[in-house]
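The chain contents come next:
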Amino acid sequence: YETFAGGVAGYSLGEIAGCTSYVAINVEQGDKCPVDAGGIAGYGNVIMNCSNEGDIILVKENNTSTGTGGIAGKMTGSGALVLFCSNRGDIKGGYCTGGIVGLLGSSTYGGAKVRACYNEGDISATLYHTGGIVGYCSAAQELITNVYNTGNVAGRQMSGTSPSFGGIVGTMGP
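Residues numbered from 1 in each chain as written. Predicted model: local features only at pLDDT ≥ 70, side-chain atom pairs only at ≥ 80, totals over all residues. Heavy atoms only, no water.

A. Region of interest: the overall build of the protein. A count of helical and extended segments in the protein gives 0 helices and 27 strands. Looking at the 174 residues of the protein, the share that counts as buried comes to 55%. Put simply, of all contacts in the protein between residues at least 6 apart along the chain, 80% involve residues at least 24 apart. Approximately 7100 Å² of the protein is accessible, and the part contributed by carbon and sulfur atoms is 50%. (Helix = DSSP H or I, 4+ residues; strand = E, 2+ residues; numbered from the N terminus. Buried < 20%, exposed > 50% of the residue type's maximum accessible area, 1.4 Å probe, protein only. Contact = heavy atoms within 4.5 Å. Areas by Shrake-Rupley, 256 points an atom, 1.4 Å probe, with all protein chains shown as cover.)

Laid out in structure tokens, this is it:
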């Protein structure tokens, strides 16, 4: 089963608007148990005018599909939207780590959007797909516009992997 941790909501299919989280989130992931963690929502659908000030730390033990982000850990679906949001907390994840969203979209869905957002926190990961705004963006139809990042982005090379790190997006898939 997948676990979701967030400063406002663990899992949300609705709209979250006008919230600020100062909550520090620290999650240790067990073996073969995916976790999505975000400053506002672990899994989100629509998040607008929100900010995160807390640090998010996901201790990762495996490379299952997991997202860690300053606003949302994971967002999928054609209606998924992050608009006018900011992150100032430091984000430490394993796989798919971003200042705003860790994992955006999936191979099944398309059209998720991140617009007019910024990150000022430092982003680091123990595995790969690490970005200042989005860690992993799964499809070309996902849209990331009018964003900026001033935080540091760091990761490490692991034997047998092709890590990707970017100031805005770590990996633009598929």
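What follows continues from the structure just given.
B. The sheet that holds strand β13 (residues 81-83), seen in detail. Taken together, 5 strands build an open sheet; the order of strands is β3-β8-β13-β18-β23 and the sheet is parallel. Each end of this open sheet is capped by a strand with a single partner; those strands are β3 (15-17) and β23 (143-145). Between one strand axis and the next, the sheet turns through 5 degrees on average, direction left out of account. As judged from the 3 bridges shared by β13 and strand β18 (residues 113-115), these two strands associate in the parallel manner. If you follow L83 over to β18, its bridge partner there is R115. (Pairing = 2+ DSSP bridges. Axes fitted to C-alpha atoms, helices over the stretch in contact; angles between N-to-C directions.)

C. Spotlight on unusual backbone geometry. Unusually for a residue other than glycine, C96 sits at a positive phi of about 60 degrees. Looking at where C96 falls in the secondary structure, it is placed in the loop between β15 (91-93) and β16 (97-98).

D. The arrangement of the nonpolar core in detail. Of all hydrophobic cores here, the largest spans 23 residues; its most connected members are I47, V82, L104 and V114. Secondary structure elements with two or more residues in this core: β12 (72-75), β17 (101-104) and β22 (134-137). Dropping the residues within four chain positions of it, L104 is found in contact with M75, A112, V114, V134, Y136, C137, S138, E142 and I144. One finds A37, I56, L58 and I91 within the second-largest nonpolar core, a separate group that totals 9 residues. (Core = buried A, V, L, I, M, F, W, Y, C linked by side-chain atoms within 4.5 Å.)

E. Quick peek at the side chain of T97. The topology assignment puts T97 in strand β16. Excluding its chain neighbours within four sequence positions, the residues that come into contact with T97 are T68, I91, G102, I123, S124, A125, H129, T130, G131 and G135.

F. Up close: the pattern of salt bridges. Scanning all chains against the criterion turns up 3 salt bridges. K74 serves as the salt-bridge partner of E2, at 3.2 Å between the closest nitrogen and oxygen. Placement of E2 in the segment before β1 (3-6) and of K74 in strand β12 is noted, with a sequence separation of 72 residues between them. The partly exposed category is assigned to E2, whose relative accessible area is 30%. Classification of K74 as buried rests on a relative accessible area of 14%. Taking the shortest distance from any N to any O, the salt bridge between E53 and R88 comes out at 3.0 Å. Residue E53 is found in the loop between β9 (51-52) and β10 (56-59), and its partner R88 is found in the loop between β14 (86-87) and β15; the two are separated by 35 residues along the sequence. Taking the relative accessible area as the measure of exposure, E53 reaches 28% and is therefore partly exposed. (Salt bridge = Lys/Arg side-chain N within 4 Å of Asp/Glu carboxyl O.)

G. Region of the structure containing the packing of aromatic side chains. Scanning the model with the defined rule gives 5 aromatic pairs in all. Ring geometry for F4 against Y43: centres 6.1 Å apart, planes inclined by 75 degrees, an arrangement best described as edge-to-face. Residue F4 is found in strand β1, and its partner Y43 is found in strand β7 (residues 41-43); the two are separated by 39 residues along the sequence. Note on Y118 and Y148: the rings are 5.1 Å apart at their centroids and 5 degrees apart in plane angle, and the pair reads as stacked. (Phe/Tyr/Trp six-rings, centres within 6.5 Å; stacked < 30°, edge-to-face > 60°.)

All quantities given are derived from atomic positions and should not be read as evidence of function.
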